[in-house]
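As a plain string of letters, each chain reads:
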Amino acid sequence: MEERLALAPGSASVHYEQSRPGGLVDHSLRTFLLFRDLLRLHELEFPLCSVIITSLFHDIGKLGTPEHELFIPETDAWRRNRYGLYTMSPDLPHMPMPQRSLWLLQHFGVALTLDEFQLIATVDGPYDEANRRQAGNETMLQLVFHHAELMASRCGKLTLSAR
């Protein structure tokens, strides 16, 4: 899946700057830099290896499964111009992205800490119906990770330093 990871879009929608080949890696790196910087800003302790794992793999489910890609090229010119270069594969069952990412990590034997699992599971914050019951009770770590990921998604043209 290495080549698929390098070329995967971060989104199928034209509304996101990462909806292009390589967009997933770009989004994941932006999430890492923002998460790391927001942790420092809020003086929160979280192991660097956990920052790396959660940031770089929270959207790994966008690859699909080892057998099938999630995003496939859109062949209809009208839909491609209106919605984006990609569409969702009909060969995969519908599943929320955090669940697909956690499944793929588990499939490849990646052991997560409870904090890492929780951050990936709730990355979409209150925008995900599954997280609505927890709204208002998130940990600072969850809030910071959610906001880092949200900013990385919405602010695709940010220039970030690697300091």
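Look above for the structure.
These numbers were taken from a predicted model, which means no experiment stands behind them.

Thoughts on the overall build of the protein chain
The helix and strand inventory of the protein chain stands at 7 helices and 2 strands. Taken from N to C terminus, the helices and strands of the protein chain fall in the order α-α-α-β-α-β-α-α-α. Its C-alpha atoms give the protein chain a radius of gyration of 16 Å, near enough to 15 Å, the size a compact globule of 163 residues would have. Overall, the C-alpha framework of the protein chain stretches about 50 × 35 × 30 Å when taken along its three principal axes. Looking at the protein chain as a whole, 43% of its 163 residues are labelled buried. A separation of at least 24 residues holds for 58% of the contacts in the protein chain among residues at least 6 apart in sequence. When the accessible surface of the protein chain is summed, it comes to about 9400 Å², and 58% of that surface belongs to carbon and sulfur atoms.

Topic: the packing of aromatic side chains
The relation between two aromatic rings is expressed through the spacing of the ring centres and the mutual angle of the planes. Throughout the structure, instances matching the rule amount to 3 aromatic pairs. Between W78 and Y83, the ring centres sit 6.0 Å apart and the planes meet at 80°, which makes this aromatic pair edge-to-face. An aromatic cluster of at least three residues, connected via ring pairs, comprises F35, F46 and F145.

Some thoughts on the pattern of salt bridges
Using the criterion set out here, one finds 6 salt bridges in the structure. R40 is paired through a salt bridge with D37; the nearest N and O atoms lie 3.9 Å apart. A residue pair is termed a helical-turn pair when its members lie 3 or 4 positions apart in one helix, as R40 and D37 do in helix α2 (residues 23-41) at 3 residues. Residue D59 is joined to K62 by a salt bridge in which the shortest nitrogen-to-oxygen separation is 3.3 Å. Of the two residues examined, D59 and K62, each falls in the buried class. One network of salt bridges, with partners in common, ties together R20, D26 and R30.

Some remarks on the packing of helix α5 (residues 97-107) against helix α6 (residues 114-121)
Contact pair α5 / α6: the axes reach a minimum separation of 8 Å and the direction vectors enclose 145°. Residues P98, S101, L102 and L105 of α5 pack against F117, I120 and A121 of α6. In terms of residue class, the contact of α5 with α6 is built from 6 nonpolar, 1 polar and no charged.

Some details on unusual backbone geometry
Backbone geometry at E43 places phi at a positive 55°, although glycine is not the residue there. On the secondary structure map, E43 appears in the loop between α2 and α3 (48-57).

Considerations on the environment of D115
With respect to the secondary-structure elements, D115 resides in helix α6. What makes D115 partly exposed here is its relative accessible area of 39%. Along the chain, D115 and L141 lie 26 residues apart, while their C-alpha atoms are 8.6 Å from each other.

With respect to the nonpolar core
Membership of the largest hydrophobic core comes to 15 residues, with the highest contact counts inside it found for F35, L39, F46, V51, L119 and L141. Elements represented by at least two residues in this core include exactly α2 and α7 (140-154). Top element by residues in this core is α2. It accounts for 6 residues. The residues contacting V51, other than those within four sequence positions of it, are F32, F35, R36, L39 and F46. The next biggest cluster of nonpolar side chains, apart from the first, holds 8 residues, and it includes L24, L104, L105 and I120.

Parameters and conventions
- Residues numbered from 1 in each chain as written.
- Predicted model: local features only at pLDDT ≥ 70, side-chain atom pairs only at ≥ 80, totals over all residues.
- Heavy atoms only, no water.
- Helix = DSSP H or I, 4+ residues; strand = E, 2+ residues; numbered from the N terminus.
- Rg over C-alpha atoms; globule rule 2.2 N^0.38 Å.
- Buried < 20%, exposed > 50% of the residue type's maximum accessible area, 1.4 Å probe, protein only.
- Contact = heavy atoms within 4.5 Å.
- Areas by Shrake-Rupley, 256 points an atom, 1.4 Å probe, with all protein chains shown as cover.
- Phe/Tyr/Trp six-rings, centres within 6.5 Å; stacked < 30°, edge-to-face > 60°.
- Salt bridge = Lys/Arg side-chain N within 4 Å of Asp/Glu carboxyl O.
- Axes fitted to C-alpha atoms, helices over the stretch in contact; angles between N-to-C directions.
- Nonpolar A, V, L, I, M, F, W, Y, C, P; charged D, E, K, R; others polar.
- Core = buried A, V, L, I, M, F, W, Y, C linked by side-chain atoms within 4.5 Å.

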